[in-house]
Amino acid sequence: MIKTIRPILSSYFQMIVYYLGLYEEDMAQVVKQRKWACQDCILRSGNWCSKKKHASVINYNHKSLFKNKATKVIVGCGCWLKAKVFYQEPKACPLNRWKQFNLK
Ligand code: SF4
């Protein structure tokens with residue numbers, strides 16, 4: 001439980017630091033890129049990564065485009081995006097759209 005609460009509290013703290021204008025410029029750029037990634041996301045609902053929305057993702061086998069494909073249904077995480085974009089771990093995005101937007 002503590003393992004999950006700590007990064008969430010940290011992201012809220014980072015959000016406060018950001019809105020106070022005390023955030024480092026390169027980190028602020030990463031936050032903006034994450035916000036842009038969320039902007040047109042199918043799982044977004046207002047300021048939330050909605051648990052009520054889902055997306056089907058097809059994973060293709062690299063050796064064959066038509067064989068061995070698997071469909072996976074991905075659901076939104078239910079997080080408030082204004083704070084979630086400050087989450088340290090880029091894998092926090094259920095659709096992995098933040099993989100190149102790393103805050104570390
Ligand atoms: S966190 Fe990821 S899945 Fe959720 S709204 Fe943003 S881009 Fe979409």
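Coordinates for the structure precede this section.
Here's what I pulled together on the structure shown here. Note that this is a predicted model, so its numbers are computed, not measured. (Residues numbered from 1 in each chain as written. Predicted model: local features only at pLDDT ≥ 70, side-chain atom pairs only at ≥ 80, totals over all residues.)

## Structural notes on the overall build of the protein chain
Here is the rule: Under the DSSP-based scheme used, a helix requires at least four consecutive residues in state H or I and a strand at least two consecutive residues in state E, with every element numbered from the N terminus. To assign burial, the other C-beta atoms lying within 10 Å of each residue's own C-beta are counted, with C-beta atoms placed from the backbone; 20 or more indicates buried, 12 or fewer indicates exposed, and intermediate counts indicate partly exposed. Think of it this way: build a C-beta for each residue from its backbone, and any pair within 7 Å is a contact.
Broken down by element type, the protein chain carries three helices and four strands. Counting from the amino terminus, helix and strand elements in the protein chain follow one another as α-α-β-β-β-β-α. Taking all 104 residues of the protein chain together, the buried fraction comes to 15%. For the protein chain, the share of sequence-separated contacts (at least 6 apart) that also reach a separation of at least 24 residues comes to 55%.

## Structural notes on the environment of Trp48
With respect to the helices and strands, Trp48 occurs in strand E2 (residues 48-49). Its 19 C-beta neighbours within 10 Å are what place Trp48 among the partly exposed residues. In this structure, the C-alpha to C-alpha distance between Trp48 and Trp80, residues 32 residues apart in sequence, is 4.7 Å. Dropping the residues within four chain positions of it, Trp48 is found in contact with Trp80 and Leu81.

## Things to note about the pairing of strand E3 (residues 54-59)
Threshold: The rule for pairing is simple: two strands pair if DSSP sees at least two bridges between them.
Counted residue by residue, E3 has zero buried out of six residues, so it is predominantly exposed. Here E3 runs beside strand E4 (residues 70-75); their pairing, made up of six bridges, is antiparallel. Along E4, the bridge assignment pairs Asn59 with Ala70.

## Comments concerning helix H2 (residues 25-39)
Applicable threshold: Helices are assigned an expected span. That span is 1.5 Å times one less than the residue count.
Here H2 spans 21 Å end to end across 15 residues, near enough to the 21 Å set by a 1.5 Å rise per residue. Residues of H2 that are buried make contact with strand E1 (44-45) and helix H3 (81-84).

## Here's the deal with the nonpolar core
Where we set the bar: Here, a nonpolar core denotes buried Ala, Val, Leu, Ile, Met, Phe, Trp, Tyr and Cys residues that are linked to one another through C-beta atoms within 7 Å.
One finds Cys38, Leu43, Cys49, Cys79, Leu81, Val85, Phe86 and Tyr87 forming the largest nonpolar core, which totals eight residues. Dropping the residues within four chain positions of it, Leu81 is found in contact with Cys38, Asn47, Trp48 and Cys49.

## Quick word on unusual backbone geometry
Even without glycine at this site, Asn96 takes up a positive phi of about 60°. On the secondary structure map, Asn96 appears in the segment after H3.

## Quick look at the environment of Cys77
Locating Cys77 in the fold gives a position in the loop between E4 and H3. The exposure class assigned to Cys77 is partly exposed, which follows from the 17 C-beta atoms found within 10 Å. When the C-alpha positions of Cys77 and Lys53 are compared, they lie 9.5 Å apart, and in sequence the two are 24 residues distant.

## Digging into the environment of Thr71
Its place among the elements puts Thr71 in strand E4. Measuring from C-alpha to C-alpha, the distance between Thr71 and Ser56 comes to 6.4 Å, with 15 residues separating the pair along the chain. With residues near it in sequence (within four places) discarded, Thr71 still touches Ser56 and Ile58.

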